Amino acid sequence: MKKFRVFFNRLKEEKWIQEMADHGWLIEKIGLSYTFKEVEKKSYNLKMDYRIFSKQDDFEVYVTMHEDYGWKHIAGDKSSGSQYFFHEDKEKENELFSDEDSQRDRILRIRKMLRQSIAIALVMFIVLLSQGSITISALINPKKLYLTTDLWDMSGGAFWSAFWSETPFALFRGLFIYALPIMIIIYIVYSYKIQRDYNKSLKNI
């Protein structure tokens, strides 16, 4: 079974994959979509880590180390960042991040990834803004997305004809213009929420 989902919050992604396993669908492959296989056993423990390696050997040592403790590597490579593992035993003592230090380190790695994503999106936004590809006026006033001269001064059939013919192009320009600011906001929000949820979990220990 394949499912297409988009996650900005990796911990929510991990929770969703775990819920799928609890319902008898074990993650098998992660790419543009998520591929699951149906299983009878429903006690798998799914965890996600975030690691980037400069050397393939270091990545293989990382995977082997976890497999020695019973964690099977599902998806991820040395450059992908997100690494996915599962264990056949769902008991707490077999958790991949079994102590406060390892949990904190994982949160720090995820937040670092989010900060890097924010920085990249912000640089791209500033460059496009300086080149005139994105304009503040279009961000504030969506009518600026329509390039037809005097469109908003037209009326009747002439207006609707011009409006509907240009709307697809205006939507495309709008998607291009609004995508980066929206991504920046989403990454900032999730970076805050991940740290907040982690702090709450510490208080419950």
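Above this note sits the structure.
Criteria and cut-off values
- Residues numbered from 1 in each chain as written.
- Predicted model: local features only at pLDDT ≥ 70, side-chain atom pairs only at ≥ 80, totals over all residues.
- Heavy atoms only, no water.
- 1 Å grid on protein atoms, 1.4 Å probe; cavity = no way out; pocket = protein on both sides within 12 Å on 5 of 7 lines; lining within 4 Å.
- Points joined across faces, edges and corners; volume = space filled by probe spheres on them.
- Helix = DSSP H or I, 4+ residues; strand = E, 2+ residues; numbered from the N terminus.
- Nonpolar A, V, L, I, M, F, W, Y, C, P; charged D, E, K, R; others polar.
- Pairing = 2+ DSSP bridges.
- Axes fitted to C-alpha atoms, helices over the stretch in contact; angles between N-to-C directions.
- Contact = heavy atoms within 4.5 Å.
- Buried < 20%, exposed > 50% of the residue type's maximum accessible area, 1.4 Å probe, protein only.
- Expected span 1.5 Å × (residues − 1).
- Arc of directions from axis to C-beta.
- Salt bridge = Lys/Arg side-chain N within 4 Å of Asp/Glu carboxyl O.
- Patch = residues over 30% accessible without salt bridge, like charges linked within 9 Å, V, L, I, M, F, W, Y side chains within 5 Å.
- Areas by Shrake-Rupley, 256 points an atom, 1.4 Å probe, with all protein chains shown as cover.
- Phe/Tyr/Trp six-rings, centres within 6.5 Å; stacked < 30°, edge-to-face > 60°.
- Lys NZ or Arg CZ within 6 Å of the ring centre and 35° of its normal.

> Just to check I follow, could you spell out empty space enclosed by the protein for this structure?
Empty space left among the atoms is revealed by rolling a probe the size of a water molecule over them. In the structure shown here, the tally under the stated rule is 1 cavity of 30 Å³ or more. The volume enclosed by the largest cavity comes to roughly 40 Å³. Lining the largest cavity are Glu14, Ile17, Ile27, Leu46, Lys47, Met48, Ile74, Tyr84 and Phe85. Listed by contribution, the elements that provide at least two residues to the lining of the largest cavity are helix 1 (10-22), strand 4 (45-51) and strand 6 (81-87). Considered class by class, the residues forming the lining of the largest cavity number 7 nonpolar, no polar and 2 charged.

> I keep staring at the pairing of strand 5 (residues 72-75) and nothing clicks. Help me out?
Pairing geometry for strand 5 and strand 6, over 3 bridges, is antiparallel. The residue bridging His73 from the neighbouring strand is Phe85, located in strand 6. Hairpin connection between strand 5 and strand 6: a loop of 5 residues separates the two successive antiparallel strands, and Gly76 in this loop has a positive phi of roughly 120°.

> It is not clear to me how the sheet that holds strand 4 should be interpreted in this structure. Could you clarify?
Two pairing modes exist for strands in a sheet, parallel and antiparallel, and in both the strands are linked by backbone hydrogen bonds. Taking strand neighbours across the sheet as the criterion, the 3 strands line up as 4-6-5 in an open arrangement whose pairing is antiparallel. At either end of the open sheet lies a strand with only one pairing partner, and these are strand 4 and strand 5. Sheet twist, expressed as the mean angle between neighbouring strand axes with direction ignored, is 35°. Along the sheet, helix 1 contacts strand 4 and strand 6; its crossing angle with strand 4, the most-contacted strand, is approximately 155°.

> How should I be thinking about the pairing of strand 4 in this particular structure?
The side chains of a regular strand alternate between the sheet's two faces. With 6 of 7 residues buried, strand 4 lies mostly within the body of the structure. Sheet topology note: the strand 4/strand 6 ladder contains 7 bridges and is antiparallel. Note that in strand 6 the partner of Arg51 across the bridge is Gly81.

> Explanation requested: the sheet that holds strand 1 (residues 2-3) in the structure shown.
With antiparallel pairing, 3 strands are arranged side by side in an open sheet as 1-3-2. Across the chains shown, the open sheet's two edge strands, defined by having one partner strand only, are strand 1 and strand 2 (25-30). Alignment of strand 2 against strand 3 (residues 34-38), held across 5 bridges, turns out to be antiparallel. Each bridged residue has a counterpart across the sheet, and for Lys29 the counterpart in strand 3 is Thr35.

> Looking at this structure, I do not really get helix 2 (residues 56-67). What am I missing?
An α-helix turns once every 3.6 residues. As a result, residues three or four positions apart point the same way. With 12 residues, helix 2 should cover 16 Å at 1.5 Å per step; its first-to-last C-alpha distance of 16 Å lies within 8% of that length. Every buried residue of helix 2 is accounted for by Phe59, Tyr62, Val63 and His66. Down the axis of helix 2, the smallest arc covering the buried residues is 90°, so these residues share one side. Every exposed residue of helix 2 that faces more than 90 degrees away from the buried side is listed here: Asp57 and Val61. In this structure, the buried side of helix 2 is in contact with strand 4, strand 5 and strand 6.

> Help me out: how do you make sense of the pattern of salt bridges in this one?
Pairing between side chains of opposite charge can happen when the charged atoms of each approach one another. Counted according to the given criterion, the structure contains 2 salt bridges. In this structure, Lys47 engages Glu14 in a salt bridge whose closest nitrogen and oxygen atoms are separated by 4.0 Å. Taken as a pair, Lys47 in strand 4 and Glu14 in helix 1 lie far apart in primary sequence, 33 residues in all. Taken as a pair, Lys47 and Glu14 share a single burial class, namely buried.

> What is the right way to look at a nonpolar patch on the surface in this model?
Together, Leu129, Ile136 and Ile140 make up a nonpolar patch on the protein surface, roughly 280 Å² of accessible area in all. For Ile140, a relative accessible area of 68% gives the class exposed.

> Before we go on, may I ask you to explain the packing of aromatic side chains in this structure?
For any pair of aromatic rings, the description rests on two quantities: the centre-to-centre distance and the angle between the ring planes. Tallied over the full model, the rule gives 15 aromatic pairs. With centroids separated by 5.6 Å and ring planes inclined at 25°, the aromatic side chains of Phe159 and Phe163 adopt a geometry described as stacked. One end of the pair, Phe159, and the other, Phe163, are both in helix 5 (residues 156-203), 4 residues apart, so they sit about a helical turn from each other. The class for Phe163 is buried, based on a relative accessible area of 15%. Ring geometry for Trp160 and Phe163: centres 5.8 Å apart, planes at 85°, overall edge-to-face. Taken together, the positions of Trp160 and Phe163, both in helix 5 and 3 residues apart, correspond to about one turn of that helix. A relative accessible area of 45% places Trp160 in the partly exposed class. Taken together, the aromatic side chains of Tyr146, Trp152, Phe159, Trp160, Phe163 and Trp164 make up a single cluster linked through ring pairs. Over the aromatic face of Trp16 sits the side chain of Arg5, whose NZ or CZ is 4.8 Å from the ring centroid.

Treat this as a map of the structure, not an account of what it does.
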